[in-house]
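Next come the chains, spelled out residue by residue.
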Amino acid sequence: MRRKLVFFTVFIEFLICFISLNCFSQNLSVLKISANFQNTPLASVLENLEQNYPLKFYYQSSWLEGVFINEFFSQSPLNQVLEKILKPAELSYISPYPSMIILVKSQISIQKDTSETLNTHKGKAVIVIDDPSAEKSDRLTVSGYVKDGQSGESLVGATVFIPELNQAGTTNAFGFYSLSVAPGQYTLRVNYVAYQEESYTILLKSSGTLDVELFDAVKTLEEVTVTGEAEDQNVSGVLMGINRLTINTIEKIPPFAGEVDVIKSLVLLPGVKTIGENSSGFFVRGGSADQNLILQDEGLIFNPNHLFGFFSTYNPDIVKDVTLYKGSIPAQYGGRLSSVLDVKLKEGNSKKIVGQGGIGLITSRLSLEGPLIKEKSTFVIAGRISYNDWILKLLNNIELRRSSAFFYDANFKLVHRLNENNKISLSAYTSQDNFKLASDTSYSWKNLNVAIQWNRIFSKKLFSNFTYVFGLYDSDISSFQGAGSFKLNSGINYHKIEADFGYFGWEKHQLDFGFSSIYYQLRPGERNPTGSDSGVQEVKFQNQLGLESGLYIGDEIKLNDRITMMIGLRYSLFHQFGADSVFVYQDGAPKSRFTIQDTLFYNSGQVVQYYGGLEPRFSFQYRINSSSSFRIGYNRTLQYLHQISNTAVATPVDIWQISNRYLKPQQSDQYAIGFFKNFKDNGYEASAELYYKTAKNIPDYKEGSELLLNPVLEADLLAGIGKAYGLELQLKKNFGRWRGWVSYTYSRSLRKVAGDFSEETINRGKFYPAYFDKPHDLTIVSNYNIIKRVSFNMNFTYSTGRPVTAPSSQYVLGNVVVPNYSERNQYRIPDYHRLDISLRIEKTPRKATKIKSSLIIAVYNLYNRENAFSVFFRPNKYNIPQAYQLSIVGRAIFTISYNFEF
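Residues numbered from 1 in each chain as written. Predicted model: local features only at pLDDT ≥ 70, side-chain atom pairs only at ≥ 80, totals over all residues. Heavy atoms only, no water.

## A closer look at the overall build of the chain
Piece 1. On a plain count of helices and strands, the chain comes out with 10 helices and 58 strands.
Piece 2. Within the chain, the fraction of its 902 residues that count as buried is 56%.
Piece 3. For the chain, long-range pairs separated by at least 24 residues make up 65% of all intrachain contacts whose partners lie at least 6 apart in sequence.
Piece 4. Summing over all exposed atoms, the chain offers an accessible surface of approximately 38,300 Å²; the carbon and sulfur share of this is 56%. (Helix = DSSP H or I, 4+ residues; strand = E, 2+ residues; numbered from the N terminus. Buried < 20%, exposed > 50% of the residue type's maximum accessible area, 1.4 Å probe, protein only. Contact = heavy atoms within 4.5 Å. Areas by Shrake-Rupley, 256 points an atom, 1.4 Å probe, with all protein chains shown as cover.)

## Section: the packing of aromatic side chains
Piece 1. By the definition in use, this model includes 24 aromatic pairs.
Piece 2. Aromatic side chains F311 and F407 sit 5.5 Å apart centroid to centroid with 45 degrees between the ring planes, which places their arrangement in the tilted category. Taken together, the positions of F311 in strand β22 (residues 311–312) and F407 in strand β28 (residues 404–419) put the pair 96 residues apart, joining distant regions of the chain.
Piece 3. For F311, a relative accessible area of 1% translates into the label buried.
Piece 4. F407 sits in the buried class, given a relative accessible area of 0%.
Piece 5. Across from the ring centre of F735, 4.4 Å away, lies the NZ or CZ of K733, which sits over that ring. (Phe/Tyr/Trp six-rings, centres within 6.5 Å; stacked < 30°, edge-to-face > 60°. Lys NZ or Arg CZ within 6 Å of the ring centre and 35° of its normal.)

## Looking at the confidence of the model for the chain
Piece 1. Of all residues in the chain, 86% have pLDDT values of 70 or greater, and the mean over the chain is 82.
Piece 2. In this model residues 1–26 is a low-confidence stretch, pLDDT under 50, and it forms 38 contacts with partners more than four residues away in sequence or in other chains.
Piece 3. Below a pLDDT of 50 lies the segment residues 218–230, which in the model reaches 21 contacts outside its immediate sequence neighbourhood of four places, other chains included. (pLDDT = per-residue confidence, 0-100.)

## Description of the pattern of salt bridges
Piece 1. According to the stated counting rule, one finds 25 salt bridges in the structure shown.
Piece 2. Between K376 and E65 there is a salt bridge whose closest N-O contact spans 3.5 Å. With a gap of 311 residues between them, K376 in the loop between β26 (363–373) and β27 (377–386) and E65 in the loop between β2 (56–58) and β3 (68–77) connect regions that are remote in the sequence.
Piece 3. A salt bridge links R748 to D773, with the shortest nitrogen-to-oxygen separation between them at 3.1 Å. Residue R748 is found in strand β46 (residues 738–752), and its partner D773 is found in the loop between β47 (768–769) and β48 (776–787); the two are separated by 25 residues along the sequence.
Piece 4. With a relative accessible area of 1%, D773 lands in the buried category.
Piece 5. Each of E298, D342, K344, K496 and E498 takes part in one network of salt bridges that share partners. (Salt bridge = Lys/Arg side-chain N within 4 Å of Asp/Glu carboxyl O.)

## Some details on the sheet that holds strand β20 (residues 299–300)
Piece 1. Overall, mixed pairing links the 5 strands, which are arranged β16-β23-β24-β19-β20 in an open sheet. One side of each edge strand has no neighbouring strand; the edge strands of this open sheet are β16 (242–245) and β20.
Piece 2. Bridge count between strand β23 (residues 319–325) and strand β24 (residues 339–345): 6 bridges; the pairing is antiparallel. When the bridges of β24 are listed, V319 appears paired with L345. (Pairing = 2+ DSSP bridges.)

## Regarding the side chain of S364
Piece 1. For S364, the location among the structural elements is in strand β26.
Piece 2. There is a polar contact of 2.6 Å between the side chain of S364 and the side chain of Y387.
Piece 3. Setting aside chain neighbours within four positions, we find S364 in contact with G358, I359, G383, R384, I385 and Y387. (Polar contact = N/O pair within 3.5 Å; in protein donor to acceptor, adjacent residues only side chain to side chain.)

## A look at unusual backbone geometry
Piece 1. Of the consecutive residues G578 and A579, the connecting peptide bond is found in the cis state with omega at 15 degrees.
Piece 2. With respect to the element layout, A579 can be found in the loop between β36 (563–577) and β37 (580–585).
Piece 3. Even without glycine at this site, E298 takes up a positive phi of about 75 degrees.
Piece 4. When its relative accessible area of 6% is taken as the criterion, E298 is described as buried.
Piece 5. The residue N825 is not glycine, and still its phi comes out positive at about 60 degrees.
Piece 6. Assignment of secondary structure puts N825 in the loop between β52 (816–821) and β53 (827–828).
Piece 7. According to the relative accessible area criterion, N825 is buried, its value standing at 11%.

## Quick notes on the pairing of strand β43 (residues 666–679)
Piece 1. Looking at chain direction, strand β40 (residues 628–639) and β43 are connected through 12 bridges and run antiparallel. When the sheet's bridge partners are listed, T637 is paired in β43 with S668.
Piece 2. Relative to strand β44 (residues 684–701), β43 runs antiparallel, the two sharing 13 bridges. Following the sheet pairing, F676 is matched in β44 by S687.

## Thoughts on helix α4 (residues 78–86)
Because each turn of an α-helix spans 3.6 residues, side chains separated by three or four positions in sequence point in the same direction.
Piece 1. Looking at α4, one finds that the buried residues are L78, N79, V81, L82, I85 and L86. Seen end-on, α4 carries its buried residues on one side only, within an arc spanning 160 degrees. (Arc of directions from axis to C-beta.)

## As for helix α3 (residues 42–52)
Piece 1. Of the residues making up α3, those classed as buried are L42, V45, L46, L49 and E50. Down the axis, α3 shows its buried residues gathered within 135 degrees of arc, on one side only.

## Quick look at the nonpolar core
Piece 1. Counting residues in hydrophobic clusters, the biggest one holds 44 residues, and the most contacted among them are L300, F302 and Y520.
Piece 2. Broken down by secondary-structure element, the contributors of at least two residues to this core are β19 (292–296), β28, β30 (441–457), β31 (462–479), β32 (486–503), β33 (509–529), β36 and β42 (655–658).
Piece 3. Among the nonpolar cores identified, the runner-up in size contains 29 residues, and V267, I294, L324 and W741 belong to it. (Core = buried A, V, L, I, M, F, W, Y, C linked by side-chain atoms within 4.5 Å.)

## Focus: the environment of L718
Piece 1. Inspection of the secondary structure puts L718 in strand β45 (residues 717–733).
Piece 2. Classification of L718 by relative accessible area gives buried; the value is 7%.
Piece 3. A C-alpha to C-alpha distance of 9.4 Å links L718 and Y662, two positions 56 residues apart in sequence.
Piece 4. Aside from chain neighbours lying at most four places away, what touches L718 is I698, P699, D700, Y701, K702, V753, E760 and I762.

## Section: the environment of S475
Piece 1. In this fold, S475 is placed in strand β31.
Piece 2. You can call S475 buried: its relative accessible area is 3%.
Piece 3. Through-space distance from the C-alpha of S475 to that of D654 is 9.4 Å; in sequence the pair is 179 residues apart.

## Notes on the environment of L86
Piece 1. Examined against the element boundaries, L86 turns out to sit in helix α4.
Piece 2. For the pair formed by L86 and L64, sequence separation is 22 residues and the distance between their alpha carbons is 9.2 Å.
Piece 3. Setting aside its immediate chain neighbours within four residues, L86 contacts L91, S92, Y93 and L103.

## Description of the side chain of K693
Piece 1. Mapped onto the elements of the fold, K693 is located in strand β44.
Piece 2. Despite its burial, K693 pairs with no opposite charge; the closest candidate is E728, at 8.9 Å N-O.
Piece 3. At 3.5 Å, the side chain of K693 forms a polar contact with the side chain of S338.
Piece 4. When near neighbours in sequence (up to four residues on either side) are disregarded, K693 contacts V284, R285, G287, S338, S668, D669, Q670, G722, K723 and A724. (Lys, Arg positive; Asp, Glu negative; His and termini not counted.)

So this is what it looks like as structure tokens:
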């Protein structure tokens, strides 16, 4: 169906079909065809009909290969033409709308309600799946892909439901679904957020394939009222603490600098925090920023930000699906303690070439996608570039006002469908950031990921995906200050392979299993002098090599209509390899460079240290009734890679370390319980979740330690324990002109370091707040449709100020005033709050150009709040330490951007 058809037309068409059992043949007999096809490929015949008549065909290209047509038509009814040209290919068709022709295999046929045994709906056709070559069984499987009908993109998390059996499934990360049922006739309902629901009557006589295409809901003011059965994933899902955002939801959030942002959307969710104004990283349920596994099409992202957090690394124009796991983490994910952010990118429009982009005051972007071979190969290419210097002039900090900044990123993806059961893809991502301070110190960092994926359907019951990724993260710091000029480089290279399988062969079980392995090569630091006048000494550390592997199995078990469980088990293993040298420290004394007694040397490839452990995962859901449910969950996670920093905010200076003899893997256990309730036909969603988390082997640092280029780094690191707990509340409205949510989180994140010596103990061995501990967090997000194509968006955030260590007293030593600092993180900076607004104006697309455009006018920090990013101390004229507040964005920032699609 072309998008020009309005809802009223669709309704009338269905009404006609309901009244007349012969609607399919009658509608197709009205259109008369005149054409001459002599030895013409069937694909070319269909293209010719699309060009000359108001028709749109949907099919798989492989069905038409090797089929040639020799027919002459003169004012022949369309239904007769279709019968003749499709017969050589053994194809039939479905035509739910006058302009839509869906080609189907011969084993899928159309029947009318002429038999008393078929209980069809008011004359709607029955899709009969009867493959003579399929093995007959008392359990049959219907499977396929759910796709966007306009672009051909697979839809992740779409619901496929059979009401007669109260049996449902969801599409996986690649849009694939599979249901196992007894032979018989059923209703199959398929729905997805912001798409029109599709409903089919199917008569299953054998296992078979049924691909489904969904179309955008008609965008009228009347359409925003919920009618019929709404989504109830908030209640029906078995996993705890999972948030899935579509790009349509993200676009409704007021953007910073006119560009919607994945990361900034996440920090508006309950349980997700940021350390301050546009800072790098995010913090989930009491975990640090490095405890989040951040993925982009299975590639690892070590720094998810541009310009120190002002922008996300994700280009919004090519993002398809964003899923954040913060509670129940599926067994397939490992390597991080707190959360998994899994971002899937578009595969490319398989129907036609389309593009979109935006021009803003700070960044511009452009993407292009389309078919290389129609219905067989697709491509996506996208780029983004910044010109930020002017906005730095508006900031309060003098150093930032005199600085310059620049970044770009680019994505490329190529997808090729070999046949119905095999699909391969090649994708690449690269980005570069450059930031130069007024003091002549420059920072730069870059990401690179190249991934190859192979999706294979072994059978109707077994789905698989194989992945290989090569990636690197590289950071540089350069100083050009005469004798002190230097260049410091560090980074990570990695190779990742994984195989994931999904088995759908049982009625009450959905089994996932597989393995993964990541080989890391860490470059902890290399410093070189720059220029002939530099007196800086060259320093180079040995590369660190490690192999992290995991084997997992997970089973979603539907015991009955009320009880569903998810049981998972992951076993992870880590090996550190040489060449390496390991210091041996004196027993009975704190580790330092002065207590080194010996050095152990390991050859290249020799195992230096290894760790391993089981990571059980469990979720339980009890469906109280159709609108409410209760869930509990438990996770154990292990982390073998650590980000080492003694600053509150992640920067390019931070280094990564693998687990070794002294730096043991971090381990966390999380317990969660939740209640979920929907109101008014799922128009309102309410949730309350409680969690409690413990952790051990959490890296911390000694007072006054130097972590950069430290040859005895382990002597300045401490291993602590942690605990975190919290309550997350959310109320969400899904219908009407006004939509949005309100969320409140109360949470604490505490740490404790109690070593054998006073030098290895913090705060006398008592618990103290982590630097990202912010007990109270309130978020309000709203979207109001003023009139058609004009919407007003607003978000308000409030949070407790983060902890800091501050001077509590002072003493005089000679003529020098020495501040005496408090225990770690015993004070807090002022509370944070901010209001952002935006106005989105969508222009009516012109029929001639088919260009859709929108204008976004946004104000960030509307009421000029000078939020404290940090507090620092320096002596005043009386030599008394005086507190000073650092604000990054201390005024309202107005931006305007123009976005377009073609």
